[in-house]
Structure formats: C-alpha cells, structure tokens
Amino acid sequence: MRRASSFTSSVLSRTFSTVHDGGAVNLRPRLLQVALFCSSRTNNSNSRHRWFSPLLDSFSKNSAQVVSLGLAGVVASVATAASVYAKEPPPAEVMPKEVVLYQYEACPFCNKVKAFLDYYDIPYKVVEVNPLSKKEIKWSDYKKVPILMVDGQQLVDSSAIIDQLGEKILPKKTKASVADEDEETKWRRWVDNHLVHVLSPNIYRNTSEALESFDYITSNGNFSFTEKITVKYAGAAAMYFVSKNLKKKYNITDERAALYEAAETWVDALNGRNFLGGSKPNLADLAAFGVLRPIRYLRSGRDMVEHTRIGEWYSRMEKVVGEPSRIKA
C-alpha cells in the first residue's frame, strides 16, 4: 500500500509541476483534468496526509501553477431565448487552414483561447492531453497547456496566443482609440493577475466542493479506471489543502466574499454597457468569460451568479460566443 501511494504521489507531483500557462495561470474549464492538480503547494506535514505530501510540496513552489491546475469545473453551454449578438468571423482569405488546440478541458486559460476561437468562428481540433503522461505533447519542448498549432506554427501562452492569432486573422480590424486599448489591456491583466486567484479557494472551499470539481475525471479524459479514481480523490484532497495556502498568500479571509467582490468589480467596469467592448465583446470580455467557464456550473459559480450582478453579462457572453467551433481530432 505504501509503495502504491508513493508511486501515485510521485507521478502526480511530476505531472503537476509542468502545468501552467506561461508565467501566468493555466486553468482549464471543466476540470483542469487533474492537470489542475498538476501543481500543488502546501507543506502540510501531518502524518495522515504524508502519502501525497510530495504533491503538496510541488504546489507550494509556484502559485501560478496552482491556480492553473487548481481550477476545475464542468463547462456547460446554455442557450436562452433573447436577442442574439452577431459574431465576427474573419475574412475567408485569412482564415487558418488547420488549427489544433492541445488542452486540459478544465483549464481556464485553455478556455480563454477557446472563447476567442469560438467567437471568431474559427474551426479547430481539440487534443485532450493526459495530465499524467502528457504523451500527446511529447513532441513539443514546451510542456504546458494551452498549445495552439496554427497551420504548423506553434503558439503558446494564452494571452500571447490570442495576440498573435489576432494579428493574423484580424489585419483589417478598425483601430481602437488609445483609451479603449488601455481599458482592454488593463482588464485583460486583471483577469490574469487577480480574477484567477480567487477561483481556487472557492472551488476547493470544502471537501464536498473539491470532489465536485473532480467529478469530470470519472467519465472523461485519457485515464484508466485506476488513474481516474486516484486523480479524483488524491487531486481533490491535495487541492483542498492548497486552496488554504492560497487564501493566506492573497490575504483572502472569506472566499465567497472575494469572488463576489471580483464579480461586482467586473460589472462596475462595464459601466452599463452590454460588454466591456461596448455593443460587442472585446478581448477582455472573452478573457473573463473563458476563465469563469470552469466554475459557472459548480456550486461556487452558481452562488456567484445568485449573489452578484454578473449573471446577465455572462448570459450575453454565452449567446454571443455560441456553440464551440471545434471539430473532432
């Protein structure tokens, strides 16, 4: 039993230490598929948790990895009867011929990239990366997700992916005013540097919510039955303790209050507009929407919508981003 536990914690620790989005946070919707678990950080020495302490130690070394892996959730797309906003597909002549996204289904930052692709109606294939073996990206020197291959060119880091792809497919996009660009940039940074940090403490607030976030593992992913069970329970336990350290690091005393405050801050930034971009979403809207997708239908996300004003904006974003443009790999 001890040998099996040691092996499990070792594999998970090695796996999680390489999962994050550039230097920022790499969270994926639905459940950071264990990849979430990919970066632990806690130095709990209690003998009862000793069997997965290597995993917790690895998390403590990189908070960005923690957030990136620490977010899990089930992504759901809800169609509602209301006004439909027009998408902005790029001209056919600049549309990429082949786009492949290597991802963890629950990673918020992978979902940020997908929100961009979906909004601009860019068809793409999805390759789900096994967070334990990462065999799907062994060909790449870059061992984190998301990785986006665009007509054979590798793009990495969610914000950089969006910037670089935007330059390729939106060359004739109307130049925004300096003030609009500054506002968009400010809030994109806020998403990466603040919003993501309040998510893990909420997702893993208690054991039941931690397990809820890992339910996805039992029916999805490139895992064997043993891996699914190990990842679900070991990952949920590890992230529960990790979230406590994150609370201390970011001086969060009340997880829900911090989440509600972030949601209200975003709504205040809209200043009565349908989107931060005005009549249609800009890159900051897509970033915030993508990052929140992992939690929207978890208990924390349901509470957020119930207790803040963010629900109407989120529903508008669901409508305008629409169904995924992905195609089977």
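Please read these numbers as outputs of a predicted model, since none were measured by experiment. Sequence order as written defines residue numbering, which begins from 1 separately in each chain. Restriction of local features to residues with pLDDT of at least 70 applies here, the model being predicted, together with a cutoff of 80 or more for giving and counting side-chain atom pairs; totals for whole chains, interfaces and linings are based on all residues. Computation of side-chain values covers all heavy atoms of the structure but excludes hydrogens and water.

Colleague: If you had to explain the nonpolar core to someone new, which residues and values would you point to?
Modeller: Within the largest apolar cluster, 76 residues are counted, with the highest numbers of intra-cluster contacts made by Phe116, Leu117, Leu148, Trp266, Leu286, Leu292 and Trp313. Should any heavy atoms of two residues lie within 4.5 Å, those residues are considered in contact. When neighbours within four sequence positions are excluded, Trp266 is seen to be in contact with Trp187, Trp190, Leu276, Ala284, Asp285, Ala288, Ile310 and Trp313. By convention a nonpolar core is built from buried Ala, Val, Leu, Ile, Met, Phe, Trp, Tyr and Cys residues, the set being connected through side-chain atoms within 4.5 Å. When accessible area is computed with a 1.4 Å probe and restricted to protein chains, residues below 20% of their type maximum are described as buried, those above 50% as exposed, and intermediate ones as partly exposed.

Colleague: Tell me what's going on with the environment of Thr265, and back it up with residues and numbers.
Modeller: With respect to the helices and strands, the residue Thr265 is situated in helix α10 (residues 255-270). By relative accessible area, Thr265 is classed as partly exposed at 29%. Through-space distance from the C-alpha of Thr265 to that of Ile310 is 9.5 Å; in sequence the pair is 45 residues apart. If near-sequence neighbours (up to four positions away) are discounted, Thr265 is found in contact with Trp187 and Trp190. One polar contact links the side chain of Thr265 to the main-chain carbonyl oxygen of Glu261, over a distance of 2.8 Å. For helices the rule is a DSSP run of H or I covering at least 4 residues; for strands it is a run of E covering at least 2, with both sets numbered from the N terminus onward. As used in this structure description, the phrase polar contact means that two N or O atoms lie within 3.5 Å; if the pair is within protein, one of them must be able to donate a hydrogen and the other to accept it, and residues adjacent in sequence are counted only when both atoms belong to side chains.

Colleague: Any details on a nonpolar patch on the surface? Residues and values, ideally.
Modeller: Think of a patch as exposed residues, more than 30% relative accessible area, with no salt bridge, where like charges cluster within 9 Å and nonpolar side chains (Val, Leu, Ile, Met, Phe, Trp, Tyr) cluster within 5 Å. All accessible areas in this document rest on Shrake-Rupley with a 1.4 Å probe, and a residue is counted as covered only by the protein chains that are shown. Take a side-chain nitrogen of Lys or Arg and a carboxyl oxygen of Asp or Glu: if they are within 4 Å of each other, that pair is a salt bridge. A surface patch of nonpolar side chains, about 340 Å² in accessible area, is lined by Phe225, Ile229 and Tyr233. Structurally, Phe225 is set in helix α9 (residues 225-249). We classify Phe225 as exposed; its relative accessible area is 64%.

Colleague: Hey, could you go over helix α13 (residues 310-321) for me, with residue numbers and the actual values?
Modeller: Each helix should span, by expectation, one fewer than its residue count multiplied by 1.5 Å. A rise of 1.5 Å per residue sets the reference length of α13, with its 12 residues, at 16 Å; its end C-alpha atoms lie 16 Å apart and thus fit the reference within 8%. Of all 12 residues that make up α13, 10 are buried, and the element is covered over most of its length. Every buried residue belonging to α13 is among Ile310, Gly311, Trp313, Tyr314, Arg316, Met317, Glu318, Lys319, Val320 and Val321, and all of these are buried. Where α13 is buried, its residues meet α4 (108-119), α10, α11 (283-292) and α12 (299-307). Positive phi appears at Gly322, one or two residues downstream of α13, with a value of about 75°.

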